[in-house]
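Chains, contacts and geometry: an overview
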Amino acid sequence: MDVIRQRILNRLHLGPRVSDAPQNRPAPNLEDTDEQVVLYRYRKQRGVNLGSWFVLERWITDAPFRYAAVPGQSDLDVAKGSHARETLEHHWDSWITAKDFEWLTARGINAVRIPIGYYHLCGLDSSLLRETDFRGLEEVFQGAWTRLVKAVETAQSYGIGVLFDLHSAPGKQNQDSHSGTSSPRISFFSRSNLQLTIRVLHTLVSAVRSLRLEHDPPIKNVIGISLLNEPKPPSHSALKDWYAKALQELRSLDPGLPIYISDCWMPGDYAGFVKSLPEPTSPIYLDHHLYRCFTSADTSTPAAQHSSSLTDPNASMPQTFARVARMLEDAGGGLVVGEWSGALNPGSLQGPIHEREERKRYIAAQLDLFERYCAGWFFWTYKKQQPGDQGWSFRDAAEAGVFPHFVGMHSTRHVPMDDVDRAGRKIAALDRARGQHASYWTQYSGQYEHWRFEKGYHQGWEDAYRFLLNRDTTRNAVCELGNKGSWKKKRVHEHSTEYGFSNNVWEYEHGFDQAIRDADLDFQSMYC
């Protein structure tokens, strides 16, 4: 194959890429575990953050800060105030209840991100608080873990997955009060705190694994662990070194558990880091946070321009998302927007505009971007104590019609498990796709193996419907394959092992990808 043609194919993500030869990369292990666990972890995640439930933020809910010590902005301030244990336990028991999970699942939400602090795990190991800002406060947080377990149990009963996010690490990983203390001092990157945080994550992952294997009933809906929220490292090489050590430690405990890492608002750089890691046994998701309301540039940009910058395929952000998503898929990972909102700075809402409609378009523009390129997203935040904020409160936005009433696919007709016509529709779709594939590649001379496209198509269709037909892990929203990268890598390895490794394995990949899209469209047209 000549060099010019190879460059064209690589640029288009078409054709063989010798560096990605499947024989050089072991297949990720996706199916040596419970079927429900697999479906929870690899489906498309459409979620919200349960902000200020365990890691408190006063602008979201003021009530728990009633007796807080000065300056009254952080978990540590509340813990050092009077009536601390009583205040926190009342809040944990009342801020989010089963009714909230019921409300969320009725709108298609199938996942929640729960921010936690290391001190919330002291019920598992009280020694985690020694030599930290929270030493001596073990009794205050002793009841947190049992309530977190109850939260996951309740979520599972509504078909909702749970992502645990370490929002507050020992020593603070950023200057904000939602990192545990009101002090702006960051000491997370000291050697002792880096090591302690790996111990904290070890404790958390061990507990999650026990819940899945030993709890009665088994808890299968933990979709992953986010290592660290919005770190501000002294150097990115130091953070990447720590990420690599943490990943190695946690993989030894639970090889199949998806891990989420913050990109520090540098998605391209950290996607390259993910690609440089040894082949993972389960996905590594890059966690990107997208807000357009904090900087001076955000303030001076009209809302309509914010929206168009997200929908224009030639604009910077869609281009970045496309590139990063492709890099991560090649690495068996995925891009997830762990935080975003409908919030706009008042400066973006000046002039003769309809604020509600502008906010609605802005939210729609973000959703369109995320649905196209991401394995999942989580709106910040679910609700606020004071109602009415349609920018930051998902509940208020949804009830006001600013956010869509339902997200994802929703079947409106009976979906038979054994639809006798489905096989015929697959064959018809395959014939069309195979013809288009073969016709396109006639313009390039070469030796092709179009039969591999057909093999990939058959497998992709069956895998797509494996998710689409699932009813054990969902209430209202249709289950869709979200992390295609890991799933496809496994299938490519299986195919190559059975039929031989070849520079034309890319044709199998193309068939697989096409079938996923066609199966989703088939399901929508027939059942939604």
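Quick note: structure is the one above.
Residues numbered from 1 in each chain as written. Predicted model: local features only at pLDDT ≥ 70, side-chain atom pairs only at ≥ 80, totals over all residues. Heavy atoms only, no water.

Considerations on the packing of helix 9 (residues 236-253) against helix 10 (residues 267-276)
The N-to-C vectors of helix 9 and helix 10 enclose an angle of 40°; their axes lie 12 Å apart at closest approach. One way to sum up the angle between helix 9 and helix 10 is to call them oblique. Note that helix 9 runs across helix 10; the crossing there is right-handed. Across the interface between the two elements, H236, L239, K240, Y243 and A244 of helix 9 pack against D269, Y270 and F273 of helix 10. (Axes fitted to C-alpha atoms, helices over the stretch in contact; angles between N-to-C directions. Helix = DSSP H or I, 4+ residues; strand = E, 2+ residues; numbered from the N terminus. Parallel < 35°, antiparallel > 145°, perpendicular 65-115°, else oblique. Left-handed = near helix turned anticlockwise from the far one by under 90°. Contact = heavy atoms within 4.5 Å.)

Notes on helix 12 (residues 303-311)
Within helix 12, burial applies to A303, H306, S307 and L310. One face of helix 12 carries all of its buried residues, which in axial projection span an arc of 95°. Of the surrounding elements, those touching the buried residues of helix 12 are strand 6 (284-290), helix 11 (296-300), helix 13 (316-330) and helix 14 (355-373). (Buried < 20%, exposed > 50% of the residue type's maximum accessible area, 1.4 Å probe, protein only. Arc of directions from axis to C-beta.)

Digging into the pattern of salt bridges
Within this structure, the stated rule accounts for 35 salt bridges. Of the charged contacts, one joins E89 and R85 as a salt bridge, the two residues approaching to 2.9 Å between their closest N and O atoms. Of the two residues, E89 and R85 both sit in helix 4 (residues 84-94), 4 residues apart, roughly one turn of that helix. By relative accessible area, R85 is classed as partly exposed at 34%. When the shortest N-O distance is used, the salt bridge between R147 and E89 registers 3.7 Å. Taken together, the residues span a long stretch of sequence, with R147 in helix 7 (residues 144-157) and E89 in helix 4 at a distance of 58 residues. (Salt bridge = Lys/Arg side-chain N within 4 Å of Asp/Glu carboxyl O.)

Let's talk about the sheet that holds strand 4 (residues 222-226)
Strands pair in a sheet through their backbones, by hydrogen bonds, and they do so in one of two ways: parallel or antiparallel. With parallel pairing, 8 strands are arranged side by side around a closed barrel as 1-2-3-4-5-6-7-8. Across this sheet, the average inter-strand angle for adjacent strands is 30°, counted without regard to direction. Pairing geometry for strand 6 and strand 7 (residues 334-340), over 6 bridges, is parallel. Of the residues in strand 7, the one forming a bridge with L286 is L335. Contacting strand 1 (45-49), strand 3 (161-168), strand 4 and strand 6, helix 2 (residues 35-42) crosses the sheet at an angle of about 50° to strand 4. (Pairing = 2+ DSSP bridges.)

Points about the environment of D75
In this structure, D75 sits in helix 3 (residues 75-80). Taking the relative accessible area as the measure of exposure, D75 reaches 2% and is therefore buried. Separated by 2.6 Å, the side chains of D75 and Y119 make a polar contact. (Polar contact = N/O pair within 3.5 Å; in protein donor to acceptor, adjacent residues only side chain to side chain.)

Details of the side chain of N221
The residue N221 is located in the loop between helix 8 (191-213) and strand 4 in this model. In this structure N221 comes out as buried when scored by relative accessible area, which is 0%. Polar contacts involving the side chain of N221 include one to the main-chain carbonyl oxygen of V152, which spans 3.1 Å. Among the polar contacts made by the side chain of N221, one reaches the main-chain carbonyl oxygen of I160 at a distance of 2.8 Å. Leaving out residues up to four positions away in the same chain, N221 has contacts with Y40, V152, A155, Q156, I160, G161 and V162.

Examining the layout of surface pockets
Within this model, the second largest pocket holds a volume of roughly 430 Å³. Forming the walls of the second largest pocket are 20 residues, and the residues nearest its centre are E230, W265, Y291, F294 and E339. Listed by contribution, the elements that provide at least two residues to the lining of the second largest pocket are strand 6 and helix 13. Its residues assigned to classes, the lining of the second largest pocket comprises 9 nonpolar, 6 polar and 5 charged. (1 Å grid on protein atoms, 1.4 Å probe; cavity = no way out; pocket = protein on both sides within 12 Å on 5 of 7 lines; lining within 4 Å. Points joined across faces, edges and corners; volume = space filled by probe spheres on them. Nonpolar A, V, L, I, M, F, W, Y, C, P; charged D, E, K, R; others polar.)

Let's talk about the nonpolar core
W53, I114, F141, F164, L227, W242 and F403 are the most contacted members of the largest nonpolar core, which totals 114 residues. Among the elements that line this core, the one with the most residues is helix 8, at 10 residues. Aside from chain neighbours lying at most four places away, what touches F141 is D75, A79, L88, W92, Y119, H120, C122 and F134. With 26 residues, the next largest nonpolar core counts Y465, A515, I516 and A519 among its residues. (Core = buried A, V, L, I, M, F, W, Y, C linked by side-chain atoms within 4.5 Å.)

What about the packing of aromatic side chains?
Summed over the entire model, instances satisfying the criterion amount to 45 aromatic pairs. Where W340 meets F403, the ring centres are 6.0 Å apart and the plane angle is 35°; that geometry is what we call tilted. Pair noted here: W340 is in strand 7 and F403 is in the loop between helix 15 (394-399) and helix 16 (422-441), with a separation of 63 residues, a long-range link. By relative accessible area, which is 1% here, F403 ends up buried. Members of the aromatic cluster, each reached through a chain of ring pairs, are W103, F321, W340, F370, W377, F379, Y382, F394 and F403. Taking the ring centre of Y270 as reference, the NZ or CZ of K240 above it sits at 5.0 Å. The ring of W95 has K383 sitting right over it, with the charged end atom 4.6 Å from the ring centre. (Phe/Tyr/Trp six-rings, centres within 6.5 Å; stacked < 30°, edge-to-face > 60°. Lys NZ or Arg CZ within 6 Å of the ring centre and 35° of its normal.)

Focus on the environment of N229
The residue N229 is located in the loop between strand 4 and helix 9 in this model. Here the alpha-carbon distance between N229 and C264, two residues 35 residues apart in the chain, equals 8.9 Å. Beyond its immediate stretch of four places on either side in the chain, N229 contacts R113, D165, L166, H167, Q173, N174, H178, H289 and E339.

As for unusual backbone geometry
A cis geometry characterises the amide bond from V70 onward to P71, with omega recorded as 10°. If you trace the backbone, P71 turns up in the loop between strand 1 and helix 3. A cis geometry characterises the amide bond from D216 onward to P217, with omega recorded as 0°. Considering the arrangement of structural elements, one finds P217 in the loop between helix 8 and strand 4. Here E230, not a glycine, exhibits a phi torsion of approximately 45°, which is positive. Turning to its location among the elements, E230 is positioned in the loop between strand 4 and helix 9. Residue classification places E230 among the buried residues on the basis of a relative accessible area of 9%.

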